[in-house]
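Structural overview for review
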Amino acid sequence: RSATTDWEFRGVPGRAAFTMDAIATLKRSATEAIGKHELPRALVLLNEALDLAPDDRALWTNRAYVHELRKAPADALSDARRAIELDPGFSKAHLRLGRALVALGRTDEAYSALASAVERWPQDYALAEALSAAGAASSGGDSG
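All of the points below concern the structure found in this document. (Residues numbered from 1 in each chain as written. Predicted model: local features only at pLDDT ≥ 70, side-chain atom pairs only at ≥ 80, totals over all residues. Heavy atoms only, no water.)

Let us look at the overall build of the protein. Regarding its fold elements, the protein presents seven helices and zero strands. Reading the helices (α) and strands (β) of the protein from amino to carboxyl end gives α-α-α-α-α-α-α. Taking all 144 residues of the protein together, 42% fall into the buried category. Within the protein, residue pairs in contact and separated by at least 24 positions form 49% of the contacts whose partners lie at least 6 positions apart. With an accessible surface of roughly 8000 Å², the protein has 52% of that area assigned to carbon and sulfur atoms. (Helix = DSSP H or I, 4+ residues; strand = E, 2+ residues; numbered from the N terminus. Buried < 20%, exposed > 50% of the residue type's maximum accessible area, 1.4 Å probe, protein only. Contact = heavy atoms within 4.5 Å. Areas by Shrake-Rupley, 256 points an atom, 1.4 Å probe, with all protein chains shown as cover.)

Here we take up the environment of Asp124. Considering the arrangement of structural elements, one finds Asp124 in the loop between helix 6 (107–120) and helix 7 (125–139). Sequence separation between Asp124 and Lys92 is 32 residues, and the spatial gap between their C-alpha atoms is 9.1 Å.

Under the counting rule described, the total for this entry stands at zero aromatic pairs. Stacked on the ring of Phe90, the Lys or Arg Arg57 has its end atom at 3.8 Å from the ring centre. (Phe/Tyr/Trp six-rings, centres within 6.5 Å; stacked < 30°, edge-to-face > 60°. Lys NZ or Arg CZ within 6 Å of the ring centre and 35° of its normal.)

Let us look at the nonpolar core. Formed by 37 residues in total, the largest nonpolar core has its most connected members in Leu59, Val66, Leu97, Leu114 and Leu127. Beyond its immediate chain neighbours, meaning those up to four positions away, Leu97 contacts Leu77, Ala80, Arg81, Ile84 and Ala113. (Core = buried A, V, L, I, M, F, W, Y, C linked by side-chain atoms within 4.5 Å.)

The next thing to look at is the packing of helix 5 (residues 91–103) against helix 7. At a minimum axis distance of 10 Å, the contact between helix 5 and helix 7 shows a crossing angle of 20°. Between helix 5 and helix 7, the interaxial angle falls into the category roughly parallel. When the axes of helix 5 and helix 7 are compared, the crossing they make is left-handed. Contacts between helix 5 and helix 7 involve Ser91, His94, Leu95, Arg99 and Val102 from the first element and Ala126, Leu127, Ala130 and Ala134 from the second. (Axes fitted to C-alpha atoms, helices over the stretch in contact; angles between N-to-C directions. Parallel < 35°, antiparallel > 145°, perpendicular 65-115°, else oblique. Left-handed = near helix turned anticlockwise from the far one by under 90°.)

Here you go:
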């Protein structure tokens, strides 16, 4: 069954479960690829997963992270925005947005976005660290 493509199961009972299994497998494999710094492979896997689940906020956020690691901040920003559209209450998407804005040199905008996120999720240390970094970059005259 793992070698069978999704289209072969259209109209077949259990197709949704098969698709969910495929998404979970792709997501897990992408996470492993990220851990091994196999970014092109991670990107392919996340793209495949997004083809199956285009409304999955975590997949968009994970792909934003891969773009961040690949030094592709415009792509990271786009994916973070999509994740926020899908679920404005997903703090990790706001983190990816802020980091992408910093990487694009839009530090004032990043600081504002991250400050709002830290207010909303004060216990999120990654957001607090990103806010601190955005503040340092902004005060360093890098804002755009």
